[in-house]
Amino acid sequence: MGKQELNALPDGELIRRAQRGEREAFEAVYERYHSRLYRLLYGMLGNPADAADLTQEAFVRAYDKLDQLQSDGHMYGWLRRTAVNLGIDMIRRRQTVRFESLDQPFENEEGGSMAMEAEDPSASPLEELESKTLQAAVLEAMATLTPDHRAVVAMHYLEDMSVDDVAKLLEVPPGTVKSRLSRARDAMRRYLSDYVEG
Amino acid sequence: MSRWNCEETVGRISDFLDSDLTAEELGSFNEHMDACPPCKAELSAYQKMGDLCRDFAPLTPTADIWSAIDSRLPRQKARTLWPKVKAPRFAWLGGGALAAGFAAAFAWFYLAGPGAAPNSSTNIAVEAGLNKGNFEQRHLYLTGGNSGSSEFYQLAGY
């Protein structure tokens, strides 16, 4: 079966095929979800190399657990939970974050050089510059947050997760998520005042 | 409906964004917003901030993460030879009973079996019988015969 046909299959069928040993089916799962996962991890970690490493790790773990995945289950939900847990572990180990420029190449785990692109194929150069400036500002604002607050912001805004879903994933009460979100909003609103006022 | 001042209203913007206001609170919130342009501007700033975060462009690493993943995966996904069968709810009871049976047989073998023979010379004789592979002797051990009796030794050929 060709790549295009595989890409059209639902998650459940891809999981079944991957469970039978079809590597291409697992690659199709990767193609489907890696950008979304990477974006979430980048938002949480603020570092493209870390985001790439943990994206990689999440997919390797998913492959290891393929036999346990239900073919009718939500593949992305499983990947997201794994990625968030990996991200939180990394944040707690480091307790600091440095947001890196979107244009700057970085080294991955294997020492290879990688660059990262912000996708916006329709943007004019001016719009692209504005978009990059805004993105840089948002990243800087997120960098000012504590790791716990940043994780909540990434899940709520980048992944559009409800407060209850974030609370379940982090295994904390919804009130804790609301409180973190409220403080994070206040801090980011102050930091981004030039962009959000008027 | 109670009237809220600016401080109260702005302090509840996050709750408003999370749809966490009661009907009465929402009434007070909206009433104040309608009448207070600075607070309305503040709400708008929070909403724009949220939009900026949501519009955070999709990021795609140009490097091929898949190659790194692919190199870490086993060449052939290990496949289970036997289908996974869910054990019955009290399956452990069967295992426990089997283990208890073995323990009882083991204890009997050493306490009531040849180990309980009256003197050491008899033990030696019994061991010798076993080494010869004497079927009758082994049979008596297993069926609970009195291995310490003279009958046993006759049967076993001693």
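Residues numbered from 1 in each chain as written. Chains lettered and ligands numbered in written order. Predicted model: local features only at pLDDT ≥ 70, side-chain atom pairs only at ≥ 80, totals over all residues. Heavy atoms only, no water.

Undergrad: Any chance you could explain the overall build of chain B here in plain terms?
TA: Scanning chain B for helices and strands turns up nine helices and one strand. In chain B, which comprises 158 residues, the share counted as buried stands at 30%. In chain B, the proportion of contacts linking residues at least 24 apart, taken out of those at least 6 apart, comes to 47%. Counting every atom, chain B has about 10400 Å² of accessible surface; 60% of that belongs to carbon and sulfur. (Helix = DSSP H or I, 4+ residues; strand = E, 2+ residues; numbered from the N terminus. Buried < 20%, exposed > 50% of the residue type's maximum accessible area, 1.4 Å probe, protein only. Contact = heavy atoms within 4.5 Å. Areas by Shrake-Rupley, 256 points an atom, 1.4 Å probe, with all protein chains shown as cover.)

Undergrad: Looking at this structure, how should I read the pattern of salt bridges?
TA: A side chain of one charge can pair with a side chain of the opposite charge when the charged atoms of the two come close. Residues and elements named next belong to chain A. In this structure the tally under the stated criterion is 17 salt bridges over all chains. With a closest N to O distance of 3.4 Å, Glu22 and Arg17 form a salt bridge. With a shortest N-O distance of 2.9 Å, Arg80 and Glu159 are connected by a salt bridge. Here Glu159 lies in the loop between helix 7 (147-158) and helix 8 (163-170) and Arg80 lies in helix 5 (residues 75-94), a separation of 79 residues in the sequence. Across the pair, exposure class does not vary: Arg80 and Glu159 are buried alike. Salt bridges here are not isolated pairs; linked through shared partners, they connect Glu13, Arg16, Arg17 and Glu22. (Salt bridge = Lys/Arg side-chain N within 4 Å of Asp/Glu carboxyl O.)

Undergrad: Quick question: what am I supposed to make of the confidence of the model for chain A here?
TA: A low pLDDT score tells you not to read the predicted coordinates there in detail. Chain-level pLDDT for chain A is 84 on average; 83% of the residues reach the 70-or-more range. Within chain A, strand 2 (residues 113-114) of chain A has the poorest average pLDDT of any element, 47, and helix 9 (residues 174-191) of chain A the best, 96. (pLDDT = per-residue confidence, 0-100.)

Undergrad: What is the right way to look at the packing of helix 7 of chain A against helix 9 of chain A in this model?
TA: What describes two packed helices is the angle between their axes and the distance between those same axes. Residue and element names in this part refer to chain A. Where helix 7 contacts helix 9, the axes come no closer than 9 Å and their chain directions differ by 90 degrees. The angle between helix 7 and helix 9 places the two elements in the roughly perpendicular class. For the pair formed by helix 7 and helix 9, the contact residues are Asp148, His149, Val152, Val153, His156 and Tyr157 on the first element and Val177, Arg180, Leu181, Arg183, Ala184, Arg185 and Met188 on the second. (Axes fitted to C-alpha atoms, helices over the stretch in contact; angles between N-to-C directions. Parallel < 35°, antiparallel > 145°, perpendicular 65-115°, else oblique.)

Undergrad: Would you take a moment to explain empty space enclosed by the protein for this structure?
TA: Which parts of space are left empty comes out when a probe the size of a water molecule is rolled across the atoms. All names here are of chain A. Summed over all chains, the structure comprises one cavity of 30 Å³ or more. When its volume is computed, the largest cavity comes out at roughly 40 Å³. Lys3, Leu6, Asn7, Glu24, Glu27, Ala28 and Glu31 are the residues that line the largest cavity. The set of elements that each furnish at least two residues to the lining of the largest cavity consists of helix 1 (3-8) and helix 3 (23-45). Here the lining of the largest cavity takes four residues from helix 3, the largest share from any one element. Within the lining of the largest cavity, the residues separate by chemical class into two nonpolar, one polar and four charged. (1 Å grid on protein atoms, 1.4 Å probe; cavity = no way out; pocket = protein on both sides within 12 Å on 5 of 7 lines; lining within 4 Å. Points joined across faces, edges and corners; volume = space filled by probe spheres on them. Nonpolar A, V, L, I, M, F, W, Y, C, P; charged D, E, K, R; others polar.)

Undergrad: How should I be thinking about the packing of aromatic side chains in this particular structure?
TA: Aromatic rings in a pair are described by how distant their centres are and how their planes are angled relative to each other. Taken as a whole and judged by the stated rule, the model has eight aromatic pairs over all chains. Between Phe26 of chain A and Phe59 of chain A, the aromatic rings sit 6.3 Å apart at their centres with planes inclined by 75 degrees, giving edge-to-face as the arrangement. Of this pair, Phe26 of chain A sits in helix 3 while Phe59 of chain A is found in helix 4 (residues 48-64), placing the two residues 33 residues apart along the sequence. When sorted by exposure, Phe26 of chain A lands in the same class as Phe59 of chain A, which is buried. Following the ring pairs from residue to residue traces out a cluster consisting of Phe26, Tyr30, Phe59 and Tyr63 of chain A together with Trp66 of chain B. One residue, Arg36 of chain A, lies across the ring of Tyr76 of chain A, its end atom 3.9 Å from the ring centre. (Phe/Tyr/Trp six-rings, centres within 6.5 Å; stacked < 30°, edge-to-face > 60°. Lys NZ or Arg CZ within 6 Å of the ring centre and 35° of its normal.)

Undergrad: Hey, could you run me through helix 4 of chain A in this one?
TA: Since the α-helix packs 3.6 residues into each turn, any two residues three or four apart lie on the same face. Taking 1.5 Å per residue, 17 residues should reach 24 Å; helix 4 of chain A reaches 24 Å between its end C-alpha atoms and fits that length. Between the side-chain oxygen at the start of helix 4 of chain A and the backbone nitrogen of Ala49 of chain A there is a gap of 2.9 Å, and the oxygen is on Asn47 of chain A. (Expected span 1.5 Å × (residues − 1). Polar contact = N/O pair within 3.5 Å; in protein donor to acceptor, adjacent residues only side chain to side chain.)

Undergrad: Mind showing me how you'd approach the nonpolar core here?
TA: Note on soluble globular proteins: their nonpolar side chains tend to be buried together. One finds Phe26, Met44, Phe59, Leu79, Met155 and Met188 of chain A to be the most contacted residues of the largest nonpolar core, which totals 81 residues. Looking at which element gives the most residues to this core, the answer is helix 3 of chain A, with 13 residues. Look past the residues within four positions of Met188 of chain A in its chain and what remains in contact with it is Val138, Ala141, Met142, Leu145 and Val153 of chain A together with Met49 and Cys53 of chain B. (Core = buried A, V, L, I, M, F, W, Y, C linked by side-chain atoms within 4.5 Å.)

Undergrad: Hey, could you run me through the layout of surface pockets in this one?
TA: All names here are of chain A. Here the second largest pocket defines a volume of roughly 180 Å³. Contributing to the lining of the second largest pocket are Arg81, Asn85, Ile88, Asp89, Arg92, Lys168, Leu169, Leu170, Glu171, Val172 and Arg180. Going through the elements one at a time, helix 5 and helix 8 are the ones with two or more residues in the lining of the second largest pocket. Tallying contributions element by element places helix 5 first for the lining of the second largest pocket, with five residues.

Undergrad: Would you take a moment to explain the confidence of the model for chain B for this structure?
TA: All names here are of chain B. Per-residue confidence for chain B gives a mean pLDDT of 71, with 54% of residues at or over 70. Scored below 50 in pLDDT, residues 80-84 makes two contacts in the model with residues more than four places away or belonging to other chains. pLDDT under 50 marks residues 117-158. Its contacts with residues more than four places away, or in other chains, come to 45 contacts.

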